[in-house]
Amino acid sequence: MNKYFLNYLDELESEAIYVLREVWAQFQNPVILFSGGKDSIVVTHLAKKAFYPSKIPFALMHVDTGHNFPETIKFRDDLVNSLEVRLIVGSVQESINQGRVAEEQGKHATRNALQITTLLDTIEVNKIDCAIGGGRRDEEKARAKERFFSHRDDFGQWDPKNQRPELWNIFNGKHFEGEHFRVFPISNWTEMDVWNYIKREQIEIPSLYIAHEREVVWRNDSWIPNSEFLTLHENEKIVTKKIRFRTLGDITITGGLESEADSLEKIVNEVAAMRQTERGNRTDDKRSENAMEDRKKQGYF
């Protein structure tokens, strides 16, 4: 890796650390939205660096759909224990049991949209005024509209036309009672930046990102992993393939790709050759052209 690129990663790191310290200065009860995916892991690592030698001052908050990869939950719990931070869990299953949301039906059913209610309820119950996420502008066109400090109204909704200016990286976190902010410290990073940073910092990641053999079924142009939640459709069959995942979400909607990338070096080289965003294998984003933006306006990550 050349000197210029090292300096570029240093600049991205410094910018993210500055944003995280601004959050701590401006808000009373911020949390890191933690999914167990590479971006939230990087944000957590940056928070560790930002406040070293003190512990991370933010709790980690996970919206648990109940349809997680087992590897993700184990990684989450191990990380929480090693960092000695508080974990807040919002349960979609509890929201269903309480009648707050209704389980989707049909062959393309997913719990992804149900996370919105659970997320907003968890924010309200815990009086959270800022939720720090790992969203990046290169992921999807709706996320490209986000500022570093993304204002949400008292219903938790996002209006892309009603955001504060951020000239010269001056952030305005003022809000009325009941409102909150989502903050995205790695907004300016690309998927390639994330992987090069993980490689440089030797950050531990879930094994799901590394190519491995797994039982999968071909659906919606990607390999969906076999699990207790998978119902086979007509003419579908389970096969064993060597795959890895570029992004992690519900096990029911997260598609893998065939790959031989079983090391960070190989992952970096593979990502460099990709021409599709990593969310291209998320079936929830294929429901409509504006699927992500519609969910964000309702309060999604």
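Our structure is the block above this text.
Rules used throughout
Residues numbered from 1 in each chain as written. Predicted model: local features only at pLDDT ≥ 70, side-chain atom pairs only at ≥ 80, totals over all residues. Heavy atoms only, no water. Helix = DSSP H or I, 4+ residues; strand = E, 2+ residues; numbered from the N terminus. Buried < 20%, exposed > 50% of the residue type's maximum accessible area, 1.4 Å probe, protein only. Contact = heavy atoms within 4.5 Å. Areas by Shrake-Rupley, 256 points an atom, 1.4 Å probe, with all protein chains shown as cover. Salt bridge = Lys/Arg side-chain N within 4 Å of Asp/Glu carboxyl O. Phe/Tyr/Trp six-rings, centres within 6.5 Å; stacked < 30°, edge-to-face > 60°. Core = buried A, V, L, I, M, F, W, Y, C linked by side-chain atoms within 4.5 Å. Domains from an automatic or database assignment. Pairing = 2+ DSSP bridges. Axes fitted to C-alpha atoms, helices over the stretch in contact; angles between N-to-C directions.

Colleague: Which residues make up the overall build of the protein chain, and what values go with them?
Modeller: Within the protein chain, the regular secondary structure consists of eight helices and ten strands. For the protein chain, with 301 residues in total, the buried portion stands at 54%. A separation of at least 24 residues holds for 73% of the contacts in the protein chain among residues at least 6 apart in sequence. Roughly 14,400 Å² of accessible area belongs to the protein chain as shown, and the carbon and sulfur atoms make up 48% of that amount.

Colleague: Kindly report on the pattern of salt bridges, identifying the contributing residues and their values.
Modeller: Taken as a whole and judged by the stated rule, the model has 21 salt bridges. Between glutamate 191 and arginine 246 there is a salt bridge, with the nearest N and O atoms lying 2.6 Å from each other. Residue glutamate 191 is found in helix α6 (residues 191–201), and its partner arginine 246 is found in the loop between β9 (239–244) and β10 (257–258); the two are separated by 55 residues along the sequence. For glutamate 270, the salt bridge is made with arginine 244, and the minimal N-O distance between the two is 2.7 Å. Here glutamate 270, found in helix α7 (residues 264–273), pairs with arginine 244, found in strand β9; they are 26 residues apart in sequence, far enough to count as distant. One exposure class covers both glutamate 270 and arginine 244, and it is buried.

Colleague: Explain the packing of aromatic side chains residue by residue, including any values.
Modeller: Aromatic ring pairs are reported here in terms of the distance separating the ring centres and the angle at which the planes meet. Taken as a whole and judged by the stated rule, the model has 13 aromatic pairs. Arranged with centres 5.1 Å apart and planes meeting at 80°, the rings of tryptophan 189 and tyrosine 197 form a pair that is edge-to-face. Members of the aromatic cluster, joined through ring pairs, are Tyr18, Phe27, Phe148, Phe149, Phe171 and Phe181.

Colleague: Go over the nonpolar core, please, and point to the residues and values.
Modeller: Counting 54 residues, the largest nonpolar core has Leu46, Phe58, Phe149, Trp189 and Trp195 as the members making the most contacts within it. Elements with a minimum of two residues in this core: α1 (3–26), α2 (38–51), α3 (70–83), β4 (130–132), β6 (180–183), α6 and α7. Counting contributing residues per domain, this core is built from domain 1 (8–193 + 290–298) and domain 2 (205–281), each supplying no fewer than three. Counting 14 residues, the second-largest nonpolar core is a separate cluster that includes Met61, Ile88, Val92 and Ile123.

Colleague: For unusual backbone geometry, give the residues involved together with the corresponding values.
Modeller: Between tyrosine 52 and proline 53 the backbone carries a cis peptide bond, its omega angle lying at 10°. Take proline 53: it is sitting in the loop between α2 and β2 (59–64). With a phi close to 55°, glutamine 202 is a non-glycine residue in the positive phi region. Here glutamine 202 lies in the loop between α6 and β7 (212–219). For glutamine 202, a relative accessible area of 59% gives the class exposed. Its identity is not glycine, yet aspartate 221 carries a phi of approximately 65°, on the positive side. Of note, aspartate 221 is situated in the loop between β7 and β8 (222–225). A relative accessible area of 63% places aspartate 221 in the exposed class.

Colleague: Summarise the sheet that holds strand β5 (residues 149–152); cite the residues concerned and give the values.
Modeller: Strand order in this open sheet of six strands is β3-β2-β1-β4-β6-β5, and the pairing throughout is mixed. Both edges of this open sheet fall to β3 (87–91) and β5, since each of them pairs with a single strand only. The average angle at which neighbouring strand axes cross in this sheet is 30°, direction not considered. Inspection of the sheet shows strand β1 (residues 30–33) paired to β4 by three bridges, in the parallel sense. Note on β4: the bridge partner recorded for proline 30 is cysteine 130. This element, α2, spans β1, β2 and β4 of the sheet and lies at about 140° to β1. Docked against the sheet, α3 engages β2 and β3, running at close to 150° with respect to β3.

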